[in-house]
Amino acid sequence: MAKLPASVPELVARFGPHAQREPPGGWTTRGEPDRIVKTHCCFCGQQCGIQLKVKDEKVVGFEPWEDFPFNRGKLCPKGVKRYLQDAHPDRLLSPLERVEGGGFRPLAWEAALDRTAREIRRIQEAHGPDAFAILTGASLTNEKAYLMGKLARVAVRTANIDYNGRLCMVSAGAASKKVFGVDRSANPWSDIPKAEALLIAGANVAECAPITTDYVWQAREAGARIIVLDPRLTPIARTVDLFIPVRPGGDIGVFNAMLHVMIERGWIDRRFLAEHTTGWDAVEETVRRYTPEVGARIAGVPASLIVKAAEIWGPARTSFLLHARGIEHHTKGVENCLAALNLVLATGRIGREGCGYAMITGQGNGQGAREQGQKCDQLPGSRDVENPEHRRHVAEVWGVPEASIPHKGLSAVPLVEAIHDGKIKGLLLICFNPMVSLPDQAFIREALERLEYFVAIDFFLSETARYADVVLPGSLMEEDEGTTTNVEGRVIHHRQAVAPPAGAREDWRIVCDLAARLGAGDKFAYRSTREIFDELRVASRGGVSDYFGITWERIDAEHGVFWPCPSLDHPGTPRLYEGARFGHPDGRAHLQAVDWRPAAEEPDAEYPIILTTGRVVAQYLSGTQTRRIGGLVDQTPQPYCELHPRLAGKLGVSDGDFVSVESRRGTTVVRALVTTTIRPDTVFVPYHWPVERAANNCTIRAIDPVSNIPEFKICAVRVRKVERPHDAIARLAPEAGGVV
Ligand SMILES: Nc1nc2c(c(=O)[nH]1)N[C@H]1C(S)=C(S)[C@@H](COP(=O)(O)OP(=O)(O)OC[C@H]3O[C@@H](n4cnc5c(=O)[nH]c(N)nc54)[C@H](O)[C@@H]3O)O[C@H]1N2
Ligand SMILES: Nc1nc2c(c(=O)[nH]1)N[C@H]1C(S)=C(S)[C@@H](COP(=O)(O)OP(=O)(O)OC[C@H]3O[C@@H](n4cnc5c(=O)[nH]c(N)nc54)[C@H](O)[C@@H]3O)O[C@H]1N2
Ligand code: SF4
Ligand SMILES: [Mo]
């Protein structure tokens, strides 16, 4: 029988989302702070340094941290408001248990943990160990990510653990690993201003990596020429030399045709290719077919723009490629990245000052959380769960027989499909909100309703936690201590500013308490997160992402340490591939030839428009956090559908009208934003809102065959004007952020 979530009015009354605001005049009118804690932002992968002001054991404000080298005191709108989550009225302050007929009641911690351990074993005894699954997140610190991987393999003993980075960094990571043998941005950000040419592909830098804008503009001030590839004229695109309004999914047309032109004009470093790479001949053979005209047809742009891009990129002496989800959220996400990396390698411009590339990390610990072993195919140190030597190393650190470590499990989307199929019966979820963020929401909802037992750990009652049988109140970033690894590969220290509020607990303690109830207490007997980090260092030792030489003291003294750092006297590695030595055993970079292919669902007569989805500066991911922060809700209270005036005219839609955006899977009703900054064949809806406002009602569950990332950036839709949905708005307003 389907489990109904608690009724909306009841949930809203009890758990918000309320938008928390500063009191008039600000919190600090109440007196000087008791202390100021140097730490980092809890939101995106830039991980800006910030100082939190604490008064009476509450975070009451912030100050810039000018000395931290990455952001030098600069912060974006989310960073300056993040502290408003701390004493938020929606904080969960007791474990909750679902009651028959809908709604939750408080439950004692002991009872909640006992019940969870009992249900895990009951399900596993009846259906096998892998019938209980774990889904985790990349906003977790390195320590917690490590702990979750160990919990799955040592305490729960399931193969089925995966994480929300599967929706985020895996295409970039898989491509980087294929080509270089390492999954990390190649350069520190200080290399960006030294580049003469920048190529920004599928990255809305100003809104999603706001501090990176400063680095791009430093390059521009120094004379760099900049190319942006995006179906939308994003804020950064308005300030650059060449904007290519690529049709969603058309990037390989641009990359391959640029390379075609560069070969013709002799802008290829053949000596570098011969000495340091493999695979060039196949690439050259493939791109021979991609004349500017062929590329232009694929990309839906004039051929002259592609030639211009080659003329900027080809002859430059130094260059930097930046890419993000715009080229990665595709069923050919890995291939898109491979084609972009060919442009870097063909010129030999890597491993030197001002020469290289970066994949812009998404979540706060998007980089570190994908190295510590919470991916279904991975063990700590970016080790391979199927490699016998890697398994032996980790088994020894954990003190378990190698054979007891489960093998590769299901990645996030197939894992939810297995729940839908009834193969997986139980789920532990931490730091992930699939009821906003996974594609094809109707399917995801059906899957969650079929679980026999579902426990969620969160500090707010997320849209997904509403489907849980038991909810455990966890901790915010500032309520726990640990490390993250920023977009550059720099390992940094988050200091604990305050304790969790009474009734909530640090995530890591919850996990260790659960492990003890599963009979693995001796393997989870940590007294602090520092002890977890020290074990992680040993577990990562000798791996690709080697943290062995990194200590919390060194991080504090050196403003972060870049991995790999194999020993205490090693300086860390800000720039990878110095001297053109790459991560594969042969020391070479392995170029990959790629051909363009269509998306899983291209527009047709019935659904003639491309829907692409993404972000806005004031909201973060599934919005559970930012939809609760007053200033951010004011900035972007609701989602909208960007349409070009030509398309809007054809559809009879005016700016501010309500439109339904409808795909074969579902519909979202949002306001129209008519703007010339988007291609006429494409509409854009930001995805941070739930239920009827969810862009993911429309998106498709198709995944990349290598990385398993969903195709968030393309599906086919039709758009039509609808009446202002009076009752729907009234009902939805609090759910969707509180303002219409
Ligand atoms: N404000 C804010 N910042 C964030 C986040 C947030 O939620 N809010 N989330 C963080 C996370 S987890 C992530 S992953 C990053 C994401 O950072 P980005 O990847 O920069 O953000 P997106 O909006 O997902 O997509 C970027 C751009 O891709 C374009 N695009 C769509 N389809 C295509 C295509 O086929 N080709 C090309 N070239 N471009 C295309 C879109 O128009 C959009 O402008 O941001 C991080 N920072
Ligand atoms: N259509 C569309 N969908 C997308 C995307 C897109 O571009 N378009 N982007 C995708 C991408 S790149 C990403 S990264 C995903 C993100 O999607 P999700 O991972 O689902 O989004 P989050 O908002 O990070 O969800 C994290 C949940 O964990 C909680 N949380 C945060 N930090 C902690 C913590 O330290 N401890 C605990 N216990 N809980 C915590 C938050 O309150 C929140 O409820 O969305 C994906 N979905
Ligand atoms: S850029 Fe990212 S890390 Fe920096 S303040 Fe904004 S959200 Fe936080
Ligand atoms: Mo992401």
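Residues numbered from 1 in each chain as written. Chains lettered and ligands numbered in written order. Predicted model: local features only at pLDDT ≥ 70, side-chain atom pairs only at ≥ 80, totals over all residues. Heavy atoms only, no water.

Caption draft 1: Expanded view of the overall build of the chain. Along the backbone of the chain there are 24 helices and 28 strands. Seen through its principal axes, the chain has C-alpha atoms that stretch 70 × 65 × 60 Å. By residue count, 66% of the 740 residues in the chain fall in the buried class. A fraction of 74% describes how many contacts in the chain between residues 6 or more apart in sequence connect residues 24 or more apart. For the chain, the computed accessible surface area is about 24200 Å², with 51% contributed by carbon and sulfur atoms. The average position of the 90 basic charges and that of the 92 acidic charges among the side chains of the chain differ by 1 Å. (Helix = DSSP H or I, 4+ residues; strand = E, 2+ residues; numbered from the N terminus. Buried < 20%, exposed > 50% of the residue type's maximum accessible area, 1.4 Å probe, protein only. Contact = heavy atoms within 4.5 Å. Areas by Shrake-Rupley, 256 points an atom, 1.4 Å probe, with all protein chains shown as cover. Lys, Arg positive; Asp, Glu negative; His and termini not counted. Charge placed at Lys NZ, Arg CZ, Asp CG, Glu CD.)

Caption draft 2: Spotlight on the packing of aromatic side chains. In this structure the tally under the stated criterion is 14 aromatic pairs. A centroid spacing of 5.4 Å and a plane angle of 20 degrees characterise the contact between phenylalanine 180 and tyrosine 357, whose relative ring orientation is stacked. Of this pair, phenylalanine 180 sits in helix H5 (residues 170-180) while tyrosine 357 sits in strand E13 (residues 356-359), placing them 177 residues apart in sequence. Here phenylalanine 180 and tyrosine 357 have matching classes, each one buried. An aromatic cluster is built from Phe180, Phe272, Tyr357, Tyr577 and Phe582, whose rings are joined through pairwise contacts. The ring of phenylalanine 524 is capped by lysine 150, whose NZ or CZ atom sits 5.1 Å from the centre of that ring. Arginine 537 extends its terminal NZ or CZ atom over the ring of phenylalanine 548, reaching a point 5.2 Å from the ring centre. (Phe/Tyr/Trp six-rings, centres within 6.5 Å; stacked < 30°, edge-to-face > 60°. Lys NZ or Arg CZ within 6 Å of the ring centre and 35° of its normal.)

Caption draft 3: Geometry of the domain arrangement of the chain. Domain boundaries assigned for the chain yield domain 1 (8-85), domain 2 (96-163 + 410-562), domain 3 (170-359) and domain 4 (609-736). Counting residues at the interface gives 17 residues for domain 1 and 17 residues for domain 4. Broken down residue by residue, the surface that domain 1 buries against domain 4 is led by Pro17, Phe43 and Lys78, which jointly contribute 36%. In this structure, the connection of domain 1 to domain 4 is made through one salt bridge. In this structure, the salt-bridge partner of arginine 21 is aspartate 634, at a minimum N-O distance of 2.4 Å. When contributions to the side of domain 1 that touches domain 4 are tallied by element, the ones reaching two or more residues are helix H1 (8-15) and helix H2 (77-81). Classifying every residue of the side of domain 1 that touches domain 4 by side-chain character gives nine nonpolar, four polar and four charged. (Domains from an automatic or database assignment. Buried area = accessible area lost by both parts, 1.4 Å probe. Salt bridge = Lys/Arg side-chain N within 4 Å of Asp/Glu carboxyl O. Nonpolar A, V, L, I, M, F, W, Y, C, P; charged D, E, K, R; others polar.)

Caption draft 4: Examining the sheet that holds strand E3 (residues 58-64) more closely. Spatially, the three strands line up as an open sheet ordered E1-E2-E3, and their pairing is antiparallel. Two strands bound the open sheet, and with one partner strand each, they are strand E1 (35-40) and E3. Adjacent strand axes in the sheet meet at a mean angle of 35 degrees, parallel and antiparallel pairs treated alike. Pairing geometry for strand E2 (residues 49-55) and E3, over six bridges, is antiparallel. Within the sheet, the bridge partner assigned to valine 54 lies in E3 and is valine 59. (Pairing = 2+ DSSP bridges. Axes fitted to C-alpha atoms, helices over the stretch in contact; angles between N-to-C directions.)

Caption draft 5: Layout of the site of ligand 2. As a structural note, the neighbourhood of ligand 2 is formed by 31 residues, with Asn164, Ser437, Asp458, Ser622 and Asn696 the closest of them. Within the side chain of asparagine 164, an N or O atom sits 2.4 Å from an oxygen atom of ligand 2. One of the side-chain N or O atoms of lysine 713 is found 3.1 Å from an oxygen atom in ligand 2. For ligand 2, the protein covers 99% of the area, taking 900 Å² as the surface of the free molecule. For the shell around ligand 2, the elements supplying multiple residues, two or more each, are strand E17 (453-458) and strand E23 (609-614). For the shell around ligand 2, the two domains that each supply at least three residues are domain 2 (96-163 + 410-562) and domain 4 (609-736). (Near = heavy atom within 4 Å. Polar contact = N/O pair within 3.5 Å; in protein donor to acceptor, adjacent residues only side chain to side chain.)

Caption draft 6: Inspection of the site of ligand 3 at higher detail. Around ligand 3 sit Cys41, Phe43, Cys44, Gln46, Gln47, Cys48, Leu75, Cys76, Lys78, Gly79, Pro210 and Ile211, and those are all the residues in its vicinity. Secondary-structure elements contributing two or more residues to the shell around ligand 3 are H2 and helix H7 (210-221). Of the residues that constitute the shell around ligand 3, the class distribution is eight nonpolar, three polar and one charged.

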